[in-house]
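Summary of the model geometry
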Amino acid sequence: MTNELRIIPAVSGDYSCRAETDDNKTEWSEALRLTVSTDKPRATLTADPTIIPAGGSITLTCSVDGSDDWKFDWFRDDRPVQLSGTNEQQSDVSVSDGGVYSCRGRRGNPVYQTEESNIQKIADKPRATLTADPTIIPAGGNTTLTCSVDGSDDWKFDWFRNNRPVQLRGTDEQQSDVSVSDGGVYSCRGGRGNPLYQTKESEEVSVLKTVSKPTVILQPSGSVVYKGEKVTLRLSVPTVKQHPSWPVVFTGETVTLRCEMEDDEGTQWTYKWSPANRNSPTSNEYRINSVSESDSGELLLYG
């Protein structure tokens, strides 16, 4: 007989044992209570803090409530990772790289594994946040851009338009709110300290500029014209045309509205239609299938 009892599957209960020979037997041992949970445990991952300081690291802790002797597997961005300087039985590990981390516990033979833990998003750098209010600059006006870094102060800001550094007029580096009157794709970045520590660049924000007057186009194009040369100045204005050009359209009929620009010579226009209550396109054609009474009225466009 063996002095081991293997229980597959494990069953909750009070277990005791005694030893016997041909001539003798011992008393029963004290009972050992075995508690078997029917739910598979889930590992728990904690991080303090969740942003890695410049040149530093943070500590991740993996645990399984109510039990011991676990070995741990680690994952970053859904892939197994061998964290530098750790062994399988370490529940606390130090990381210096950002990513989405999780962990899992295992023990026994055959190996029993926990459910994978919750995830922890670890940032190696904070990301600046850029907002614009409004995102469409009114004719002759401006809009305010605000750059911020959550949870901290004393940042200086760099500004970018169309992926190029830009010095916004009338601002200094420590202004988080700036006023702009030019359209474009804007972003910002924070920096502070010595040596300089920089945030990640913000997400881009598109700012559109409303043009209140027709555009004058010089043909041939060029910034310098010499005495005696011949040039043509043209006004570029958008015009809405209806096809077919019936003065009255009846319910159920189909019409196409077309935005035509006078300078159709290589200029890349983006079109916006108003009202935009029919999933209006960004092309120069607006097809309305099976018109209804609600389609009556004025339609505006922007080129």
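Residues numbered from 1 in each chain as written. Predicted model: local features only at pLDDT ≥ 70, side-chain atom pairs only at ≥ 80, totals over all residues. Heavy atoms only, no water.

A word on the overall build of the chain. Scanning the chain from terminus to terminus reveals zero helices and 26 strands. Sorting the 303 residues of the chain into buried and exposed places 24% on the buried side. Summed over its atoms, the accessible surface of the chain is roughly 21500 Å², and 46% of this surface lies on carbon and sulfur atoms. (Helix = DSSP H or I, 4+ residues; strand = E, 2+ residues; numbered from the N terminus. Buried < 20%, exposed > 50% of the residue type's maximum accessible area, 1.4 Å probe, protein only. Areas by Shrake-Rupley, 256 points an atom, 1.4 Å probe, with all protein chains shown as cover.)

Now for the sheet that holds strand 3 (residues 44–48). Pairing in this open sheet of three strands is antiparallel, and the strands run 3-4-7 from one edge to the other. Each of the sheet's edge strands pairs with one partner strand only, and the pair in question is strand 3 and strand 7 (92–95). Strand after strand, the sheet turns through a mean of 25 degrees between neighbouring axes, direction not considered. Of the pairings in the sheet, the one linking strand 3 to strand 4 (residues 58–63) comprises five bridges and is antiparallel in character. Along strand 4, the bridge assignment pairs Ala 47 with Leu 60. (Pairing = 2+ DSSP bridges. Axes fitted to C-alpha atoms, helices over the stretch in contact; angles between N-to-C directions.)

Here we take up the nonpolar core. The biggest cluster of nonpolar side chains holds 19 residues, and the ones touching the most others in it are Leu 130, Leu 145, Trp 159, Leu 168, Tyr 186 and Val 207. Elements with a contribution of two residues or more to this core: strand 11 (129–133), strand 13 (143–148), strand 14 (156–161), strand 16 (177–180), strand 17 (184–192) and strand 19 (205–209). With near-sequence residues (within four places) excluded, Leu 168 lies in contact with Trp 159, Val 178, Val 180 and Tyr 186. Counting residues in hydrophobic clusters, the runner-up holds 18 residues, among them Ala 43, Trp 70, Val 93 and Val 95. (Core = buried A, V, L, I, M, F, W, Y, C linked by side-chain atoms within 4.5 Å. Contact = heavy atoms within 4.5 Å.)

By the definition in use, this model includes two disulfides. The disulfide that involves Cys 62 links it to Cys 103, with 2.0 Å between the sulfurs. The sign of the 85 degrees torsion about the S-S bond sets the Cys 62-Cys 103 disulfide as right-handed. In this pair, Cys 62 is assigned in strand 4 and Cys 103 in strand 8 (residues 99–107), connecting sequence segments 41 residues apart. With a relative accessible area of 1%, Cys 62 lands in the buried category. Accessibility expressed as a relative area gives 0% for Cys 103, which makes it buried. Disulfide pairing is shown between Cys 147 and Cys 188; the S-S distance is 2.0 Å. Across the S-S bond of Cys 147 and Cys 188 the torsion is about 85 degrees, and the bridge reads as right-handed. (Disulfide = S-S within 2.5 Å.)

Before going further, it helps to spend a moment on the packing of aromatic side chains. Scanning the entire structure with this criterion turns up one aromatic pair. Ring centres 6.5 Å apart and planes at 45 degrees place the aromatic pair Trp 155 and Tyr 197 in the tilted group. Placement of the pair is Trp 155 in the loop between strand 13 and strand 14 and Tyr 197 in strand 18 (residues 197–198), with a sequence separation of 42 residues. You'll find Trp 155 and Tyr 197 in the same group, each marked buried. Above the plane of the ring of Tyr 112 lies Lys 40, whose end atom (NZ or CZ) is 6.0 Å from the centre. (Phe/Tyr/Trp six-rings, centres within 6.5 Å; stacked < 30°, edge-to-face > 60°. Lys NZ or Arg CZ within 6 Å of the ring centre and 35° of its normal.)

For the structure on display, the rule yields five salt bridges. Between Glu 20 and Arg 18 there is a salt bridge, with the nearest N and O atoms lying 3.3 Å from each other. On the accessibility criterion, Arg 18 (32% relative accessible area) is partly exposed. Among the ionic pairs, Asp 73 bridges to Arg 104, the shortest N-O distance being 3.5 Å. Of this pair, Asp 73 sits in strand 5 (residues 71–76) while Arg 104 is found in strand 8, placing the two residues 31 residues apart along the sequence. Neither Asp 73 nor Arg 104 differs from the other in exposure class; each is buried. (Salt bridge = Lys/Arg side-chain N within 4 Å of Asp/Glu carboxyl O.)

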